[in-house]
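Topology and contacts: notes
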Amino acid sequence: MAKNETTLVIPERNPKQEQFFNATKRFVAYGGARGGGKSWAARWNAAVLALKHNGIRILIVRRTYKELRENYIKPMLKDLAPLIKDGVVRYNDDDKCFYFKNRSEIILGYCDGDSDLPQYQGMEYDVLFIDEATQLTEFQFNTLCASVRGANDFPKRVYLTSNPGGIGHEWVKRLFINRKYQGEENPDDYLFIPATVYDNTVLMEKDPGYLKMLNTLPDGVKQAWRDGDWDYIAGKFFDEFNKKTHVIEPCEIKAHWRRYVALDYGFDMLAALWIALDEKGNKYVYREVYEQGKTISDAARRIAYFSDGEKIEMFLAPPDLWARQRETGRTTADIFAECGVPLTKTSNNRVHGWRAVREDLKLVPDADENYTARLKIFKTCENLIRCLPLLRFDKKNLEDCATEPHEITHAPDALRYFCVYWTSSADELPREQRIPIAFKYFAPAKTDNGTGYGEKIQVI
């Protein structure tokens, strides 16, 4: 060994980790259960690739920066300390990047939502590691994978670590467990390496209590987290939801059916659902608006525009829209009313609301003794259909769903506001005093302001 040569000692790998290091498929997923040594394998595999291939660019992604710092930045600073001490590697915290003397780079990033994706678009990486891949949506996964490219001879690979459950359970299971491929997806590009706590001999020796903890988990969660069983969806909030049952082709909304609009509003997202009730009590979600960056008045006008020509019984909204702004003393509900959309306050009790949604999702016998559900969603309401099955249990309250990632909660929240209205009292007029609101919408022919709707609303 030369006098100034630095040696990095890589800890011993178990057989499953060795297989992960040696895999050469385009997409390699590792894990399936808690305690399988996934993050350790990803960190060291990235370091080996950076040292082996001069000038390679590697991106490591976790969902949040906190997870990235605790599971990657801090451990890698410790793992690579001998190389950092001798100047072979330096870490720049501003860039969140490990720079190697051989021009290789390991960049560390996070993706807490779709708004984090633009920073990766247009970038080029040779290798991508996604740790806890089931925490990301399929859209986020595909967008990140689009950055794995380059006109060089470096390997182009995407490594994933994952457990069952989470927002991305279904797409990870489809690709790596069920191996059901679509379009241009090539089955030969995918490899899954299952690993459980039993494969992590170091953890079993150092912390035998971890296995005991896994054994005490409730059924479903235990099979997913301990055994890596993908047929148990750990944490899925609405087991009742089934696209074959609840999603239907658009049908006629008859004139005598009562119509409502339920909305969840914030500048980050306007989610509004148009829901009709038939004479049998069935509920039809027949239209949705799901748009970002709308001011209060723009949101109200957007709802009025899509309600054109309809008699809307009520516009249901949560109590927070009645909070007065400190600067003006006005409420969001005031501004909606000024724009021709008078809101009715519904309950924001989350537990009662989700119970009401479950009641409408569950199967009940119809007149012919066939089982169906009260809630039916037109297939054109793509965002509600997408988000409902992605909701997961709140770890601290099993009667509530997790509020992260926030992007998927807006449309289900709007549905919750509607369903809870029928099961709890709200600040509203008695039904006999309620007057449906009919809209006649006028869009100026030559003064369109680029928003897609006009400026005049007449409430009849």
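This structure is a prediction, so every number in the text was calculated from the model and none was measured. (Residues numbered from 1 in each chain as written. Predicted model: local features only at pLDDT ≥ 70, side-chain atom pairs only at ≥ 80, totals over all residues. Heavy atoms only, no water.)

Thoughts on the overall build of the chain
Within the chain, the secondary structure is distributed over 15 helices and 21 strands. Burial statistics for the chain: of 460 residues in total, 51% are counted as buried. Residue pairs in contact within the chain that sit at least 24 positions apart in sequence constitute 67% of those at least 6 positions apart. (Helix = DSSP H or I, 4+ residues; strand = E, 2+ residues; numbered from the N terminus. Buried < 20%, exposed > 50% of the residue type's maximum accessible area, 1.4 Å probe, protein only. Contact = heavy atoms within 4.5 Å.)

A look at the nonpolar core
With 65 residues, the main nonpolar core has Ile303 and Leu415 as its most contacted residues. Considering every element that reaches this core, the biggest residue donor is strand β11 (residues 269–277), with nine residues. Residues in contact with Ile303, not counting those within four places in the same chain, are Val261, Leu263, Leu270, Ala272, Trp274, Phe315, Phe336 and Val341. Residues Val28, Ala41, Phe100 and Phe129 belong to the second largest nonpolar core, which totals 33 residues. (Core = buried A, V, L, I, M, F, W, Y, C linked by side-chain atoms within 4.5 Å.)

Thoughts on the layout of surface pockets
In this structure, the second largest pocket spans a volume of roughly 740 Å³. Taken together, 24 residues make up the lining of the second largest pocket; nearest its centre are Glu170, Lys243, Arg386, Pro389 and Leu390. Broken down by secondary-structure element, the contributors of at least two residues to the lining of the second largest pocket are α5 (138–145), α6 (169–177) and α14 (382–387). Of the residues belonging to the lining of the second largest pocket, the class tally is seven nonpolar, six polar and 11 charged. (1 Å grid on protein atoms, 1.4 Å probe; cavity = no way out; pocket = protein on both sides within 12 Å on 5 of 7 lines; lining within 4 Å. Points joined across faces, edges and corners; volume = space filled by probe spheres on them. Nonpolar A, V, L, I, M, F, W, Y, C, P; charged D, E, K, R; others polar.)

Details of the environment of Tyr265
For Tyr265, the location among the structural elements is in strand β10 (residues 258–266). On the accessibility criterion, Tyr265 (14% relative accessible area) is buried. Residues Tyr265 and Pro318 lie 53 residues apart in sequence; the distance between their C-alpha atoms is 8.9 Å. Look past the residues within four positions of Tyr265 in its chain and what remains in contact with it is Leu270, Lys294, Thr295, Ile296, Ala299, Leu321 and Thr332. At 2.7 Å, the side chain of Tyr265 forms a polar contact with the backbone oxygen of Lys294. For Tyr265, the side chain forms a polar contact with the main-chain nitrogen of Ile296, separated by 3.1 Å. (Polar contact = N/O pair within 3.5 Å; in protein donor to acceptor, adjacent residues only side chain to side chain.)

So, the side chain of Thr137
Assignment of secondary structure puts Thr137 in the loop between β6 (127–130) and α5. For Thr137, a relative accessible area of 12% gives the class buried. Residues in contact with Thr137, not counting those within four places in the same chain, are Asp114, Ile167 and Trp171.

Here's the deal with the packing of helix α13 (residues 350–361) against helix α15 (residues 410–421)
Geometry of a packed helix pair, given as the angle between the helix axes and the separation of the axes. At a minimum axis distance of 8 Å, the contact between α13 and α15 shows a crossing angle of 85°. Considering their axes alone, α13 and α15 lie roughly perpendicular with respect to each other. Here Arg350, His352, Gly353, Trp354, Ala356, Val357 and Asp360 of α13 come into contact with α15, specifically with Pro412, Asp413, Leu415, Arg416, Cys419 and Val420. When the residues that make up the contact of α13 with α15 are grouped by side-chain class, the tally is seven nonpolar, two polar and four charged. (Axes fitted to C-alpha atoms, helices over the stretch in contact; angles between N-to-C directions. Parallel < 35°, antiparallel > 145°, perpendicular 65-115°, else oblique.)

Quick look at helix α2 (residues 38–52)
Between the first and last C-alpha of α2 there are 21 Å, a value that for 15 residues agrees with the 21 Å anticipated at 1.5 Å per step. Of all the residues in α2, the buried ones are Lys38, Ser39, Ala41, Ala42, Arg43, Trp44, Asn45, Ala46, Ala47, Leu49 and Ala50. (Expected span 1.5 Å × (residues − 1).)

Examining the packing of aromatic side chains
Within this structure, the stated rule accounts for 21 aromatic pairs. Seen from their ring centres, Trp274 and Phe306 are 6.2 Å apart, and the 65° between their planes marks the pair as edge-to-face. Residue Trp274 is found in strand β11, and its partner Phe306 is found in helix α11 (residues 296–306); the two are separated by 32 residues along the sequence. A relative accessible area of 26% means that Phe306 is categorised as partly exposed. Here Arg358 stacks its cationic end above the ring of Phe237, 4.5 Å away from the centre of that ring. When the ring centre of Trp354 is taken as origin, the NZ or CZ atom of Arg416, which lies over that ring, is 4.9 Å away. (Phe/Tyr/Trp six-rings, centres within 6.5 Å; stacked < 30°, edge-to-face > 60°. Lys NZ or Arg CZ within 6 Å of the ring centre and 35° of its normal.)

A few points about empty space enclosed by the protein
Enumeration over the complete set of coordinates arrives at one cavity of 30 Å³ or more. In this structure, the largest cavity occupies an estimated 40 Å³ of space. If you go around the largest cavity, the residues you meet are Gly113, Asp114, Thr137, Gln140, Ile167, Pro405, Glu407 and Ile408. Partitioned by chemical class, the residues of the lining of the largest cavity number three nonpolar, three polar and two charged.

Regarding the pairing of strand β1 (residues 27–32)
Counting buried positions along β1 gives six out of six residues, so the element sits mostly inside the fold. Bridge count between β1 and strand β8 (residues 190–195): six bridges; the pairing is parallel. Opposite Phe27, over in β8, you have Tyr190 as the bridge partner. Bridging between β1 and strand β7 (residues 157–162) involves five bridges; their strand directions are parallel. For Ala29, the partnering residue across the bridge sits in β7 and is Leu160. (Pairing = 2+ DSSP bridges.)

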